[in-house]
Amino acid sequence: MLMTGLLTLFITSSCKRNLVLTPNDQLTSVQVFSTPAGYTQAMAKVYGSFALTGNSGGAGSGDIAGIDEGTSDFFRLFWNCQELTTDEAVITYGDPGVQDLHNMAWGAGNAISQGLYYRAMYQITLCNNFIQQSTPALLASRGIAGADATNIGYYAAEARFLRAYQYWVLMDLFGNPPFITETTEIGTVIPPQTTRAALFTYIESELKAIDPLLPAPNKNQYGRADEGAVWALLARMYLNAQVYTGTAHYTDAITYSKKVIGAGYGLIPKFTNLMLADDNLNSIPGGGAIGEFILTINYDGLKTQGYGGSQYLTHAPVGGSMPVTKFGISGGYSGSRTTANIIALFPTPPTTDATNFPNNNNPDTRAQFWYPGQNLVINSLTAFTDGLGVTKFRNVTSAGVAGQDPTFCDVDLPIFRLPEQYLIYAESVLRGGSGGDAVTALSYINLIRTRAYGGSLAGNITAGQLTTQFILDERARELFWEGFRRTDLIRYGLFTSGTYVWPFKGGVKAGTSVPDYRNLFPIPSLDLSANPNLHQNTGY
Amino acid sequence: MKQYLLICAFLMLSGISFAQTSSITGKVVDETNQPLPGAIVTVKGTQKNAPTDANGNYRLTGVSNGTVTLQVNFIGYQLLEKTVNVTGSAVANFTMVPQNTDLNEVVVIGYGTALKKDLTGSISTVTAKDFNTGVSTTPEQLIQGKVAGVSITTNGGAPGAGSTIRIRGGASINGLSSPLIVIDGVPLSNDGIAGAANPLDLINPNDIETFSILKDASAAAIYGNRGSNGVIIITTKKGQSGKARIDFSTQVSASALPKEAPILTAAQFRAYVTANDNSATKQYIALLGNANTDWQKQIYQTAVSTDNNLSVSGTAGKLPYRVSVGYTDQDGILKTSSLERYSSNINLSPSLFTDHLKINFNFIGSQVKQRFADGGAIGGANSFDPTQPVYSGNSNFGGFYEYLDPTATDGLKALAPINPLGRLMENNNRSTVYRAITSLALDYKFHFFPDLHAIVNVSYDGSNGQGYDIIPAYAASQFPGSADANKVNQTGNNSKYKTVVGNTTLEGDLSYSHEFKSIKSKVTALVGYSEQDFSSTTNNYVSYFANGELKPLSVPNYPTSIAQHDLSSVYGRVTFGYDDKYLLSGSMRSDVSTRFAPGIRTGNFPAASAAWVISREDFLKGNTTLSNLKLRVGYGVTGNEGGIGNYDFLSDYSLSNASAQYQLGNTFYQAYRPGAFYFGRTWEQSATTNAAVDFGFLNDRITGSLDFYTQTTSKLLATIPQPAGSNFGNTITGNVGNMTEKGIELNINAKLIDRKDLSWNVGLNATLARNKITNLSLIPNPNFPGLKVGGISGGIGQTIQIDQIGYPKNTFYTQQAVYGANGKPLDGVFVDKNKDGIINDSDLNLGQSPDAQEYFGINSDVTYKKWNFGFVARASLGNYLYNNLASSTGIQRNFINPQGIVFNGSNAVLTSGLTGNGQNDVLSDYYVQNASFFRMDNMHIGYNIGKVFKNRATLRVSANVQNVFTITNYTGVDPEQFGGVDNNQYPRPRTYSFGLNLSL
């Protein structure tokens, strides 16, 4: 009897050889991609990896390993690399790699640039996966047709757009990243390395290919990419083409910025309402839902929680004597400030006390800075009181009501907004692009400045004042802390050179030049060790 | 033989000298009634003696009439005495009892038992009589410091806190490194139990009879893909033969904080802030209060605990039984932490069919009720301003003094520490955990073939852990709060948790054992099958605010999460012994684990070992100086499947929770995230070679063993980077890499004094261990940057250690500090290793290892008449520790905080003077300190009162001190921290206890 028992056991054992136990609280890809709703929820992750750091609000189930989850937010990483490396921002934090950014001392193991690299490649991988799952043949085989199939078709094109956007990020910051698309099954190929120029061509062709596949400007849902986003990215890329490829594309930049400018967007009346908790409702008078945002990263204090993006931009700059209630937050993190170089680009405000929040009644309303208790001169990067406070991003509504949650943030952040396109148009005209004209360029700049001066023409400039240097300064005023400064300074040849310095550029209080190889970030040494196809950027 | 002749000659001489008096004759036999030739019978107090002949007979002549005492002496047997009345002639027979040398001990091995003298593998045993005394709430503390190669580091001093157990260092980097624990034949799962600080808490240490530790692969390979980290087999006490014996023990103890963390006193703090506030408005000085609060005194207490155990053991009719109940009530030294355990153990071991069927039924049941203190109070007490009072005098925030900010919505200063005592008192986190381990083993000896046994073992290990965490709305820790469903901001917490675990084991094996006396050979064989199913169901509950409003974001996606895993295995073992001199053993196990993809889920784990008992060779036989000498060699392959997920070979999509949705249009969607996958993952594999010598000197008064081992782990479970773009995660725990471990272990036990009224036993063990990572990438890469590990506080996401090829795991990875002429580190100055003019991550240096290079245990026990005194001490050499309290708080920037707050912190600031302003400061090797230590773990004294209650009972009283003292140069609170980062661990208390043992 015992022998029979043992025999039975051996038979059960052989069954275990193929038994697949599955988790009760997860789904397979076949299950997820079996319904239109499943596609939408998968797409929510493709878009969501802009604003979410993981699968739990706040932190707890991060997408990216090897970095603090809050720090691993896309825009926070992008902002750190684009702003902390420049005259626009300094920070007190001692988090890994953060101080190396402003000191221009980062190495190939820098946690921040590595984090951005992995975050961008992560979103690209999600896009590749989504595109693979969304072929018309697969949709048909899954019984998805009609309006659902059309919508998923848009999703697939949007995934291609998001992939192109992240490849632009990698092209701009890392130059020569690994390159992989939906044409290979995930996990079967070790990605080969591409070059900056080849990537430029790829992104350009991708964007042009999906242009007809996407809804017209302002015709897609809020938070989803449309043709406006495609044109805006093309315009931005063409403006910087000289840096990326060695060949200028100013005419193309004019072409695409004009398309955006002509698409119906307009400047909202009040600059200081741009980065607020209800900024998703900003619109132009009579424009319905249309405003100046072309594509946004959507945050929500309750439903889209994280320690990056606008949460970071509304908490990190608040400290010292800054009034937390005016920021709609429970407390600031005493981190980021700006330098005297930026302050010098604005008129001197009539007051610098705490009374006229957020911009001290500065005629240029964009000068949203905090003076009390702060020193204009930076002696120490890690002393919060050195450098001026920034009041541009606030988790309060335009009516002054605090956001939904005291810790997390409701402010949506624009990836593209209209004034950038005005500035691209003007700069491209000045740099010799054709298809545009100086008069229109001046009028666009003065549109920006009239809005900045609260509707007054006092800030308008003349044709003679419109120079490329003016454009650079105007970009710093208009697009301050929105993630443009490093790219702009590189385009102007000022990022590494000694011609233009700022406090602690190159780790020296007075500022100094650094080697030109720092115009690119290094390929993270961790990925170099994992991917034998990769070679390090020159200099690192 | 020589000795024999000599004795005969001596006897003849003595026979001549005393010719005319009485004689005594008799026979000396051994425990099996076989005659013992060559035993010496002596008349006590005289030179008169006689040996036994080949038939065990002796004859003593010339003995004076009257009462004499005879002594019989034979190597390997206990000295026997008998009083004889001699009148002319007398007869005195003796039955000798073997000496309790551990060679005759029965040792529990994997799936069976063996005599210690027959062992070929590296197995250490510790039995109840050698257990550490004093307060042990958790079983492994009984053997801390007792076994070479086994390091047991308690995870702090919280009641019931477990220990980190490493046998030979542990084989893995990111896989499991803890040994497999088998209780009464039930291999336990490594999954935790909700609400239990440590699953072993649920086992009452008083019910344990022996620990058997299988250290090398030749012993552990029978446990296959769970054997790589060694195996600890725990056997509980069984019923004894004879009438009921009742044992009652009770113990009461008091625990106290042995040493406060070295932070500034209120006076030092005041002076420091006053001297260093360089702000224009002297804002920091303005913050100082008038109180003098020692926050550590506020949060710690002297904790009183009791432990009571009652057991009844005996044989009722033909049923041997043992029933025990235990009750432990332990308070922690950190206020609000406590543990209460009710436990019972029932063992029935009847034999039927004239001993052909042996049944062993075992039940371990327990309930543990625990309250967990908010550990954040420990760091809070170190950083809260000591010039502020404990209570504010008003009722806000529960009456506790807090840092306020009138401009903040909630009135609290952001990022300021909160009152540590308030944090403790306002947090009510309690759990109740039940666990039952039931096993039934049937051992049938075939009637027609008694050498063959069939054994069936069925067991169930079930637990139910649940608890709640309630914090009132006014508690400072709960601000700023969050919105309820009506968008009204709420605070406080009321949440609960529950996990139910049910693991079943079904095993059957056939075992054969026969001694072929004609050819002096012993053969055993075993073949078995084991099936284990593991299941753990976690309930996902919603949480509420203190006022009962639902926390909208806590609504779970799934009401439960179920983790399941099956393991089915076939195993076998053959041993062969010739003349008790040459021993061979071979074993094999084949495991099928559902944690791996079909097709690659079967693993085979072979082992072989041999031993040569040199002392049984003719040239050493009878040598009392070198009484035992045995050489052992073994080789085996073991696996490790622990520490990884159950389903990772599948690419599964998990739904984001309610607070991680994304807005498309006007709708928020919960997102499906594809998980990183690793189809090809398999078990980690270790090959171990062990060579050892067991020895006994001076008639085995000194015994010991010396082991040398090398373990090579391949298919290392290491968390390695994935090529970006090739997976849904940038790292994956895959089978990449190799690691080697080498070590030497020495165990010595000596009976320094062995007299009737005075005995002194000393045990010493020493371990030398080294580990080295030899590869960490798929394609060997000399530029591998290493994997950063060892998170520290003082910079979010900052790490201080690295796993790097060519170095021990968790090697410190630091910036090299530069020192000034005064011997102090220069502020923010580090060595520019690559000389590129900047200090960044390229200048980090691989430094020391947190693991001890050598560690030692020593224990001593002296018995004098009814007294006994003993101690257990450990030493650890070459273990380094990163002093995170000093690095994150012992800097000016902490005290004069840029956030406009004053924090207290480590008094290291007074010696170093560092500001902490630079990003690299926290990575300075200045904070990595040699934490070698000598710790007196335990000193105890006992007195055996003897018969009480009209001779019906015996009583023993004892007193004990644990964690008596520690000698170290380390400047932090405690040099013993597993992992190498010292940051606000729950301190180990010093415990004084008094106990009574009563036996009826």
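Residues numbered from 1 in each chain as written. Chains lettered and ligands numbered in written order. Predicted model: local features only at pLDDT ≥ 70, side-chain atom pairs only at ≥ 80, totals over all residues. Heavy atoms only, no water.

Attention now goes to the sheet that holds strand 17 (residues 231-236) of chain B. Residue and element names in this part refer to chain B. Strand order in the open sheet formed by 5 strands is 11-16-17-14-15, with mixed pairing between adjacent strands. Strands at the two margins of the open sheet, each flanked by one partner only, are strand 11 (123-127) and strand 15 (186-187). One ladder, built from 6 bridges, connects strand 16 (residues 208-214) with strand 17; its direction is antiparallel. Opposite Thr210, over in strand 17, you have Thr235 as the bridge partner. (Pairing = 2+ DSSP bridges. Helix = DSSP H or I, 4+ residues; strand = E, 2+ residues; numbered from the N terminus.)

As a further point, take helix 3 (residues 36-48) of chain A. All names here are of chain A. When the terminal C-alpha atoms of helix 3 are compared, their 18 Å separation across 13 residues agrees well with the 18 Å that a helix rising 1.5 Å per residue should span. Burial of helix 3 is extensive: 11 of the 13 residues sit out of reach of the surface. Those residues of helix 3 not exposed but buried are Gly38, Tyr39, Thr40, Gln41, Ala42, Met43, Ala44, Lys45, Val46, Tyr47 and Gly48. (Expected span 1.5 Å × (residues − 1). Buried < 20%, exposed > 50% of the residue type's maximum accessible area, 1.4 Å probe, protein only.)

What follows covers the sheet that holds strand 49 (residues 845-846) of chain B. Residues and elements named next belong to chain B. Across the sheet, 4 strands lie side by side as 44-45-46-49; this open sheet has antiparallel pairing. Each having just a single partner strand, strand 44 (787-791) and strand 49 make up the two edges of the open sheet. The sheet contact formed by strand 44 and strand 45 (residues 799-803) spans 4 bridges and is antiparallel. The partner of Leu787 across the bridge, within strand 45, is Asp803.

Turning next to the interface of chain B and chain A. Each partner contributes to the interface: chain B provides 93 residues, whereas chain A provides 107 residues. Buried surface at the junction of chain B and chain A, both sides included, amounts to about 8,300 Å², of which 59% is carbon and sulfur. The largest contributions to the chain B side of the interface with chain A come from Tyr653, Tyr662 and Arg673 of chain B, which together make up 10% of the buried area. Joining chain B to chain A, the criterion identifies 1 salt bridge. With a shortest N-O distance of 2.6 Å, Asp63 of chain A and Arg673 of chain B are connected by a salt bridge. It is strand 30 (residues 560-578) of chain B that provides the largest number of residues to the side of chain B that touches chain A, a total of 8 residues. (Contact = heavy atoms within 4.5 Å. Buried area = accessible area lost by both parts, 1.4 Å probe. Salt bridge = Lys/Arg side-chain N within 4 Å of Asp/Glu carboxyl O.)

A word on the packing of helix 15 (residues 418-430) of chain A against helix 17 (residues 468-478) of chain A. Residues and elements named next belong to chain A. One way to put it is that helix 15 packs onto helix 17 with a least axis distance of 10 Å and a crossing angle of 170 degrees. The angle between the axes of helix 15 and helix 17 places the two elements in the roughly antiparallel class. Here helix 15 contributes Pro419, Glu420, Leu423, Ile424, Ala426, Glu427 and Leu430 to the contact with helix 17, which in turn contributes Thr468, Ile471, Glu474, Arg475 and Glu478. Class assignment for the residues of the contact of helix 15 with helix 17 results in 6 nonpolar, 1 polar and 5 charged. (Axes fitted to C-alpha atoms, helices over the stretch in contact; angles between N-to-C directions. Parallel < 35°, antiparallel > 145°, perpendicular 65-115°, else oblique. Nonpolar A, V, L, I, M, F, W, Y, C, P; charged D, E, K, R; others polar.)

In a pair of packed helices, the angle between the axes and the distance between the axes together describe the arrangement. All names here are of chain A. Between helix 15 and helix 16 (residues 438-452), whose axes approach to 9 Å, the crossing angle comes to 145 degrees. When the axes of helix 15 and helix 16 are compared, the crossing they make is left-handed. Contacts between helix 15 and helix 16 involve Pro419, Tyr422, Leu423, Tyr425, Ala426 and Val429 from the first element and Ala438, Thr440, Ala441, Tyr444, Ile445, Leu447, Ile448 and Arg451 from the second. Taken together, the residues that form the contact of helix 15 with helix 16 break down as 12 nonpolar, 1 polar and 1 charged. (Left-handed = near helix turned anticlockwise from the far one by under 90°.)

Our focus in this paragraph is the confidence of the model for chain B. Counting all residues, the mean pLDDT for chain B is 90, and 97% of those residues have values of 70 or more. If you check the scores for this complex, the pTM reads 0.90 and the ipTM reads 0.96. (pLDDT = per-residue confidence, 0-100.)

This part covers the side chain of Asn963 of chain B. All names here are of chain B. Counting through the fold element by element, Asn963 comes out in strand 57 (residues 953-968). Within polar-contact distance, the side chain of Asn963 engages the backbone oxygen of Arg988 at 3.3 Å. Not counting residues up to four positions away in its chain, the partners in contact with Asn963 are Pro258, Arg935, Met936, Asp937, Arg988, Pro989 and Arg990. (Polar contact = N/O pair within 3.5 Å; in protein donor to acceptor, adjacent residues only side chain to side chain.)

So, on to the pattern of salt bridges. A full pass over the atoms with the stated rule returns 54 salt bridges over all chains. Salt-bridge contacts for Asp579 of chain B lead to Lys581 of chain B; the nearest nitrogen and oxygen are separated by 3.5 Å. A relative accessible area of 17% means that Asp579 of chain B is categorised as buried. The structure contains a network of salt bridges with shared partners spanning Glu292, Asp364, Arg366, Lys392, Arg417, Arg449, Arg451, Glu474, Arg477, Glu478 and Glu482 of chain A.

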